[in-house]
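Survey of secondary and tertiary structure
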Amino acid sequence: MDTTTSVAAAPPLAPAAKWALASLSLTTLLASLGTSIANVGLPTLTQAFGATFQDVQWVVLAYLLAMTTVIVSVGRLGDLMGRRRLLLGGIMLFTAASALCAAAPGLPMLIAARAAQGVGAAVMMALTMAFIAGTVPKSRTGTAMGLLGTTSAVGTALGPTLGGALTAAFGWPAIFLACAPLGLLALFLAQRFLPLDCRAANARTPAFDHPGTVLLALALVAYALAVTQGRGHFGPVNAALLGASAVAGGLFVFVQKKAASPLIRLAMFRNPALTAGFVMSALVTTVMMATLVVGPFYLSGALALNAAQVGLAMSCGPAVAALAGVPAGRLVDRFGPYGTTVSGLAAMALGASLLPFTADRWAVPGYVAPLAVITAGYALFQAANNTAVMADIAADQRGVVSGLLNLSRNLGLVTGASVMGAVYALGSGAANAASGDPGAAAAGMRFTFAVAAALILAALAIAAASRSQREN
């Protein structure tokens, strides 16, 4: 898995493979775009529907909850019924739900359509990486993973800008309607160029694990609600939700041990590369969420930037991720996943450690430069870790493993939004967290990135321990 491969020696991609990769990239971009494009329209939606901000937040939350809850299950379903067929269905659902969002007559219908759109996005996210092994040569896997990382970053970065422009020009329905023609294009490319599902004529399809699916969905939705509700305040409702998540998770493990055809084969977690990959992905995306949560408070509170200047400084991260994705993938192909994983994590740790000191001394440039290092390291880590996790996975398990990898990322994002926000509040003083006091904002930022650096060092330790286990 770590054998160095020369990019120059890798066979060129056939035209059909290039178009297949283009369809997977567009599919990934759409799912990421759906995550970020609606946020900027929330103030407009409060006016359009006469609703509170807490109510319209469900337009974003419904999408994230639906995607997080079903992403593993749809990955497994793709392994059983055929990934191409399910991916086409997921793109169709996403496209139709986008049109329904635009036509929604009221907020409840819009939230329901966004949940359906999130289910379609879960299919798209879970199965795109699963297709890579059958689409490109093994020597090009890192480059392909880097390309998917680039398109994901572009979708995330493009969402707020595109959503703001569409809302200003055509109103809030245009935010969702814009995804429909792109969905039709993705559907055409996938239908035309993705390889057909191959199954022996006499092959018996294993039963789908319905009890396990329900229990996992309950555990995930309870956890996601526990860490997203309460606006950073942990109360009895959050505790009850976490308890429900733990109970459902325990029952899920019990059911998986007894099931003839489990949703997740628990034995796969004895593979140190897989387990380490999932845990590192959650830790790293938690840190990346810190840059999104803490950045606006620090830039506006400590450096006195206005909203436009904050947005410009924050755009550095997604821009670097978009530019670094494909080169990072090529480095993975050349030097192997382990070395590039460690290099990416080391860059993130360096950037997180330097940022508090350079930002205090050189203001905006001192903040943006370490942020670029963190984001470039993240792009390198993502390409390497995705390649390592998906390497040598049996064909009938690629969907569920890809779903688990995406799940670890989503859990890192939702956890990071809550936990790192609480860390910032603790560092700045709960009473001063949103007061705009420059000293409080700087103190919160320093504490947050100290915790972030510690999390990355933990990921480095996990990478080293996993390597040691594989060699022994």
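Residues numbered from 1 in each chain as written. Predicted model: local features only at pLDDT ≥ 70, side-chain atom pairs only at ≥ 80, totals over all residues. Heavy atoms only, no water.

**Overview of the state of the cysteines**
Under the counting rule described, the total for this entry stands at zero disulfides. With no disulfide of its own, Cys179 lies 8.6 Å from the sulfur of Cys101, the closest cysteine sulfur. (Disulfide = S-S within 2.5 Å.)

**Considering the nonpolar core**
Ranked by size, the top nonpolar core spans 75 residues in total, and within it Leu110, Phe176, Ile264 and Val401 carry the most contacts. Excluding residues that lie within four positions of it along the chain, Ile264 makes contacts with Val72, Leu216, Phe252, Gln256, Phe269, Val400 and Leu404. Among the nonpolar cores identified, the runner-up in size contains 37 residues, and Ala349, Phe381, Val423 and Met445 belong to it. (Core = buried A, V, L, I, M, F, W, Y, C linked by side-chain atoms within 4.5 Å. Buried < 20%, exposed > 50% of the residue type's maximum accessible area, 1.4 Å probe, protein only. Contact = heavy atoms within 4.5 Å.)

**As for the side chain of Ser152**
With respect to the helices and strands, the residue Ser152 is situated in helix α7 (residues 141-170). Excluding residues that lie within four positions of it along the chain, Ser152 makes contacts with Thr28, Ser32 and Arg409. (Helix = DSSP H or I, 4+ residues; strand = E, 2+ residues; numbered from the N terminus.)

**Side note on the packing of helix α10 (residues 210-228) against helix α16 (residues 398-428)**
It is at 8 Å that the axes of α10 and α16 come closest, and there the two elements cross at 25 degrees. Classified by the angle their axes make, α10 and α16 are roughly parallel. Residue-level contacts link Leu220, Tyr223, Val227 and Thr228 of α10 to Leu407, Leu411, Val414, Thr415 and Ser418 of α16. Residues belonging to the contact of α10 with α16 are distributed by class as follows: six nonpolar, three polar and no charged. (Axes fitted to C-alpha atoms, helices over the stretch in contact; angles between N-to-C directions. Parallel < 35°, antiparallel > 145°, perpendicular 65-115°, else oblique. Nonpolar A, V, L, I, M, F, W, Y, C, P; charged D, E, K, R; others polar.)

**Overview of a nonpolar patch on the surface**
There is a patch of nonpolar side chains on the surface, built from Leu350, Leu354 and Val373 and spanning about 240 Å² of accessible area. For Leu354, the location among the structural elements is in helix α15 (residues 337-390). Among the residues examined, Leu354 registers a relative accessible area of 40% and is labelled partly exposed. (Patch = residues over 30% accessible without salt bridge, like charges linked within 9 Å, V, L, I, M, F, W, Y side chains within 5 Å. Areas by Shrake-Rupley, 256 points an atom, 1.4 Å probe, with all protein chains shown as cover. Salt bridge = Lys/Arg side-chain N within 4 Å of Asp/Glu carboxyl O.)

**Considering helix α6 (residues 107-135)**
For an α-helix, the turn length of 3.6 residues means that residues three or four places apart are oriented alike. An ideal rise of 1.5 Å per residue puts 42 Å on 29 residues; α6 measures up with 41 Å between its terminal C-alpha atoms. The largest bend along α6 reaches roughly 30 degrees and is located at Thr128. (Expected span 1.5 Å × (residues − 1). Bend = angle between axes of the 7 residues up to and from the residue.)

**What to know about the packing of aromatic side chains**
As enumerated under the stated definition, the model contains five aromatic pairs in all. With centroids separated by 5.4 Å and ring planes inclined at 15 degrees, the aromatic side chains of Trp19 and Phe193 adopt a geometry described as stacked. Taken together, the positions of Trp19 in helix α1 (residues 15-36) and Phe193 in helix α9 (residues 179-193) put the pair 174 residues apart, joining distant regions of the chain. With relative accessibility at 45%, the residue Trp19 sits in the partly exposed group. Put simply, the rings of Phe49, Trp172 and Phe176 touch in pairs and so form one group of aromatic residues. (Phe/Tyr/Trp six-rings, centres within 6.5 Å; stacked < 30°, edge-to-face > 60°.)

**Focus: the pattern of salt bridges**
Close approach of charged atoms allows side chains of opposite charge to pair. Using the criterion set out here, one finds two salt bridges in the structure. The partner of Asp79 in a salt bridge is Arg83, and the shortest N-O contact between them spans 2.6 Å. Here the two residues Asp79 and Arg83 agree in accessibility, since each one is buried. The shortest N-O distance in the salt bridge between Arg446 and Asp360 comes to 2.9 Å. Here Arg446 is found in helix α17 (residues 438-471), whereas its partner Asp360 is found in helix α15, with 86 residues between them in sequence. Using a relative accessible area of 36% as the deciding quantity, one classes Arg446 as partly exposed.

**Side note on the side chain of Thr340**
The topology assignment puts Thr340 in helix α15. Classification of Thr340 as buried rests on a relative accessible area of 5%. A polar atom in the side chain of Thr340 sits 2.7 Å from the backbone oxygen of Gly336. If near-sequence neighbours (up to four positions away) are discounted, Thr340 is found in contact with Leu331, Val332, Phe335, Leu380 and Ala384. (Polar contact = N/O pair within 3.5 Å; in protein donor to acceptor, adjacent residues only side chain to side chain.)

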